[in-house]
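Listed below, chain by chain, are the residues.
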Amino acid sequence: MRRAARTSRACVAMTVAGLLPGCLSLSYDRMSVGEPVADATLQALRPGRDSLADCLGALGAPECVYEQRAGGIALLWFWKETAGWGLELSSPSDEVPGRLTLELEGAELPGCMLWFGPGLVLERWRQGTIGDLLRDRVRPTLVDQ
Amino acid sequence: MPRFALLLLCLLFTACMFGRQDTNDPLDAVTIRGLVPGTTTAREVVERLGAPSDVVQLGRRTAYRYDATTTKSTFLALIVVNFGNQDTRSDRLWLFFDERDVLTHYGASLGTHRTQYALPWENVHEDPDNEARDALRPGVQGK
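Basis of the calculations
Residues numbered from 1 in each chain as written. Chains lettered and ligands numbered in written order. Predicted model: local features only at pLDDT ≥ 70, side-chain atom pairs only at ≥ 80, totals over all residues. Heavy atoms only, no water. Helix = DSSP H or I, 4+ residues; strand = E, 2+ residues; numbered from the N terminus. Buried < 20%, exposed > 50% of the residue type's maximum accessible area, 1.4 Å probe, protein only. Contact = heavy atoms within 4.5 Å. Salt bridge = Lys/Arg side-chain N within 4 Å of Asp/Glu carboxyl O. Arc of directions from axis to C-beta. Pairing = 2+ DSSP bridges. Axes fitted to C-alpha atoms, helices over the stretch in contact; angles between N-to-C directions. Buried area = accessible area lost by both parts, 1.4 Å probe.

Participant: Explain the overall build of chain A here, please?
Facilitator: Counting its regular elements, chain A contains four helices and seven strands. In chain A, the succession of helices and strands from N to C terminus is α-β-α-α-β-β-β-β-β-β-α. Burial statistics for chain A: of 145 residues in total, 30% are counted as buried. Long-range pairs, those at least 24 residues apart, make up 58% of the contacts in chain A between residues at least 6 apart in sequence.

Okay, here's the thing in structure tokens:
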């Protein structure tokens, strides 16, 4: 008798647990895009001395290449690492419509940018978020300008 | 009780999902090593590697971009609590040409083979993992 009651309780618990994801779910997600550039690699760069070839050899291929004023160029590397919990609540009933999603991921898009002069020698570099790094980007110009 | 455990086990088996998405073919590291700055022309590059995915005008210079991307996704659904992980790596090659279309510089990052199926608490950037995968890809050594 006691065993039957236990089995019954287990079945009810499993049924409830099986139905619960329809209205509540908790998730832990991680997203990784690309590979971070090591801080030590950036610190080893020597503005005014390192050439484009030196920097490409140390950091590999950038994500983006931009034209800069006066014949210079800028190279951008970025990557993405996010991880965190998310909670989703939704109502299965038409009478109580609603859906709530809470994302607790720390969204960071860090990157680094290197600026080269017309002689393709490194002028400066900077770390930061992509938005900050691209602030003074210029549009491509006509070749004869 | 064994039946209950079996049922639970069956539920867990249905809760694992794996996904993979590839964009473009991985770049050929051996072909890339054959490029010679100061000698190889843009025409020869296109003959060997095909059409670039992007061309950027840099004043009188130009830069060609070649790329490929692999994404591996893992998802574990444990009824109410779910765990997901997505790892995306790419092969990238930027080639810089002068105004005569002769290659002056190039930079390559080859990472598609390092992409991993993993759970979110695993570190997918560990050096031993990367080195083991690098050893299996022709033309890739070290970093």
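From this point, things continue past the structure.
Participant: When you look at the pattern of salt bridges in this model, what are you seeing that I'm missing?
Facilitator: Between side chains of opposite charge, a pair can form as their charged atoms come close. Residues and elements named next belong to chain B. Evaluated as defined, the whole model comprises 13 salt bridges over all chains. With a shortest N-O distance of 2.6 Å, D67 and R65 are connected by a salt bridge. Overall, D67 belongs to the buried group, its relative accessible area being 18%. Since its relative accessible area comes to 13%, R65 is described here as buried. Across the pair D91 and R137 runs a salt bridge, and its minimum N-O distance is 2.8 Å. Here R137 lies in the segment after α4 (127-136) and D91 lies in strand β4 (residues 81-97), a separation of 46 residues in the sequence. Residue classification places D91 among the buried positions, given a relative accessible area of 0%. In this structure R137 comes out as buried when scored by relative accessible area, which is 10%.

Participant: Got a minute to help me understand the environment of Q68 of chain A in this structure?
Facilitator: Residues and elements named next belong to chain A. In this structure, Q68 sits in the loop between β2 (64-67) and β3 (73-78). Judged by its relative accessible area of 12%, Q68 falls in the buried class. Note: C-alpha distance between Q68 and C23 (45 residues apart in sequence) is 52 Å.

Participant: Explain helix α3 (residues 52-59) of chain A to me, please; I cannot follow it from the model alone.
Facilitator: Residues lying three or four places apart along an α-helix face the same way, a consequence of the helix completing one turn every 3.6 residues. The complete set of buried residues in α3 of chain A reads L52, C55, L56 and L59 of chain A. What you see down the axis of α3 of chain A is that its buried residues fit within an arc of 100°, all on one side. As for α3 of chain A, its buried residues are in contact with α2 (39-43), β3, β6 (110-116) and β7 (122-129) of chain A together with β4 and β5 (103-110) of chain B. Two residues or fewer past α3 of chain A, G60 of chain A is found with a positive phi of approximately 80°.

Participant: I keep staring at the sheet that holds β3 of chain A and nothing clicks. Help me out?
Facilitator: Two pairing modes exist for strands in a sheet, parallel and antiparallel, and in both the strands are linked by backbone hydrogen bonds. Residues and elements named next belong to chain A. Spatial strand order, β2-β3-β6-β7: four strands in an open sheet with antiparallel pairing. A single partner strand is all that each edge strand has here, and the edge strands are β2 and β7. Averaged over all adjacent pairs, the angle separating strand axes in this sheet is 20°, with direction ignored. Across four bridges, β2 lies against β3 in antiparallel orientation. In the strand pairing of β3, Y66 is matched with A74. Along the sheet, α3 makes contact with β3, β6 and β7, crossing β6 at roughly 160°.

Participant: What is the right way to read the interface of chain B and chain A from this model?
Facilitator: How big an interface is tends to be expressed through the accessible area that disappears when the partners come together. Listed per partner, the contact involves 40 residues of chain B and 43 residues of chain A. Taken over both partners, the interface formed by chain B and chain A buries close to 3200 Å², and the fraction arising from carbon and sulfur atoms is 57%. Sorting the residues of chain B by area buried against chain A places R61, V80 and H105 of chain B first, and these three jointly supply 16% of that buried surface. Counting every contact that joins chain B to chain A gives four salt bridges.

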